[in-house]
Amino acid sequence: MAEKGVKVFGMWASPMVIRVEWALRLKGVVYEYVDEDLANKSDALLRHNPVTKKVPVLVHDGEPIAESAIIVEYIDEVWKDGYPIMPSDPYERAQARFWAKYADEKCNAAIYPVFTATGEAQTKVVHEAQQCLKTLEKALEGKKFFGGDDFGYLDVVVGWYAYWLPIIEEVSGAKVVTDEELPVLKAWFDRILAVDVVKETLPPRDKLLALNKARREQLLSA
Amino acid sequence: MVAGEKKGVVLLDFWVSPFAQRCRIALAEKGLAYESVEQVLLGDKGDLLLRSNPVHKKVPVLLHDGRAVCESLVILEYIEDAFPLATPRLLPADPFARAQARFWADYVDKTVYGIGTRLWRLKGEQRAAARAEMLETLRTLDAELGDRAFFAGEAFGFVDVALIPLTSWFYSYEKHGGFSVQAEFPRLAEWARRCGERDSVAKILTKPEEVLDFIGVLKKHYGVE
């Protein structure tokens, strides 16, 4: 008999995992969280996601779903009478999916080098990250959230920037999201951090900071 | 909609683009009328393309009553959403099956074309690495397909649409990588032939030899020997 219920295979410091938790909590779904040691992945994780072996994986009544953005859409469709995550209008849905892809493919790739760059190289990668985020910022268009008046799909996908980017900035000494360069995004950061499901799930700042400091040192000395 | 903007569906297109072909196949399968507007990609890009896709400046772009949707898989989902009565449905109704379809289409997107490009653009060890990744990818897709007629089972759907245009490029990948899809992955080869029996696919896919010629043009363009 297949196990019943909802399980999330995750890692406490992963922003991709937190998206899934936000989506589940928006719907009021009770779930079991399984924290993975990514250096020593569990048999269960590897069984549930043999293709990419990554977290997050959502296991619903024994059936696994991988890829965080896809999991969020799944959650929205299964618990369709709960809080609406995706917009209902087809064009708005397309915009939300487009920007989610842009953020995950382009912005994340632009942000990652900021983490390890030093000196002059840092200035260049900071500028590139800012250009990427400025483009993304356009989708906010003077709204409270990317989803409009309410926290929606795109906020779930990129909301992690509000907590993780300031940590990346502190660890690397770079200043990316400033009042001068990205005022609209910065203001949105404050609104994100005030959302209940966000507040309930953020990992402790000192722990996250320490992990990222250690990771940066490791990468720089490699 | 801004006054003067075209009603209906326009696809900003490029003859050999497998990504544009995904959209054309979906529209054709559903019997949806559209105008294909061929773009210049290897020279100065046209105004309409640059205005419609300022972020990526790429095809395909679907313009529906003047509003632009970009990124081929996003376009496929838009076609499903915007034309809810058009059949066949490319995504199943069940959320779990939908998630599986999205996962595999995303997997195709993250692998085949990028690895394939490295296979023909690079040499020596880098090409060997790309070859190994391509075989691993095709093996994974072949295993996922299994003995089913199509990726989701009995019906031609989302993952099939995502992958089938890339099969025109297999011949070029085989030539550059020194392998045979038919020999290594006969189920995948059979699936490609099965899809090719569909009118939409037969009419829309580029002939493999023409893709190889186009890669020759790209090599010159990028200064690759």
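What you see is a predicted model; the values in this text were computed from it and never measured.

Scoring rules and cut-offs
- Residues numbered from 1 in each chain as written.
- Chains lettered and ligands numbered in written order.
- Predicted model: local features only at pLDDT ≥ 70, side-chain atom pairs only at ≥ 80, totals over all residues.
- Heavy atoms only, no water.
- Helix = DSSP H or I, 4+ residues; strand = E, 2+ residues; numbered from the N terminus.
- Rg over C-alpha atoms; globule rule 2.2 N^0.38 Å.
- Buried < 20%, exposed > 50% of the residue type's maximum accessible area, 1.4 Å probe, protein only.
- Core = buried A, V, L, I, M, F, W, Y, C linked by side-chain atoms within 4.5 Å.
- Domains from an automatic or database assignment.
- Contact = heavy atoms within 4.5 Å.
- Buried area = accessible area lost by both parts, 1.4 Å probe.
- Salt bridge = Lys/Arg side-chain N within 4 Å of Asp/Glu carboxyl O.
- Polar contact = N/O pair within 3.5 Å; in protein donor to acceptor, adjacent residues only side chain to side chain.
- Nonpolar A, V, L, I, M, F, W, Y, C, P; charged D, E, K, R; others polar.

**What to know about the overall build of chain A**
A tally of helices and strands in chain A yields 10 helices and 4 strands. Element order for chain A, N to C, with α for helix and β for strand: β-α-β-α-β-β-α-α-α-α-α-α-α-α. Computed over its C-alpha atoms, the radius of gyration of chain A comes to 18 Å, within 12% of the 17 Å expected for a compact globule of 222 residues. Taken along the three principal axes of its C-alpha coordinates, chain A extends 60 × 45 × 30 Å. Every one of the 222 residues in chain A was classed for burial, and the buried ones make up 52%.

**Remarks on the nonpolar core**
L58, L133, L136, F151 and Y161 of chain A together with L188 and W191 of chain B are the most contacted members of the largest nonpolar core, which totals 157 residues. Per element, the largest residue contribution to this core is 13 residues, and it comes from helix 4 (residues 90-116) of chain A. Two domains each put at least three residues into this core: domain 1 (6-78) and domain 2 (90-221) of chain A. What W191 of chain B contacts, discounting residues up to four positions off in sequence, is L145, A149, F150, F151, D160, L163, I164 and T167 of chain B.

**Things to note about the domain arrangement of chain A**
Residue and element names in this part refer to chain A. When its domains are assigned, chain A resolves into domain 1 (6-78) and domain 2 (90-221). Spacing between the C-alpha centres of domain 1 and domain 2 amounts to 21 Å. Listed by partner, the interface residues are 16 residues for domain 1 and 21 residues for domain 2. Across the domain 1 to domain 2 interface the summed buried area is about 1700 Å²; carbon plus sulfur atoms make up 70%. Looking only at domain 1, the three residues that lose the most surface to domain 2 are W12, R19 and W22, adding up to 41% of its buried area. Where domain 1 meets domain 2, there are 3 salt bridges. E200 serves as the salt-bridge partner of R25, at 2.8 Å between the closest nitrogen and oxygen. Counting across the interface, domain 1 meets domain 2 through 6 residue pairs in polar contact (both at pLDDT 80 or more). Secondary-structure elements contributing two or more residues to the side of domain 1 that touches domain 2 are helix 1 (15-26) and helix 3 (68-78). For the side of domain 1 that touches domain 2, the leading source of residues is helix 1, giving 8 residues. In terms of residue class, the side of domain 1 that touches domain 2 is built from 11 nonpolar, 1 polar and 4 charged.

**Overview of the interface of chain A and chain B**
Opposite the 26 residues of chain A that make contact, chain B presents 25 residues. Together, the buried faces of chain A and chain B total about 2200 Å²; carbon and sulfur atoms form 68% of this surface. Interface area lost by chain A to chain B is led by Y91, F98 and K101 of chain A, which between them contribute 26%. Where chain A touches chain B, the interface holds 9 salt bridges. The shortest N-O distance in the salt bridge between E77 of chain A and R98 of chain B comes to 2.9 Å.

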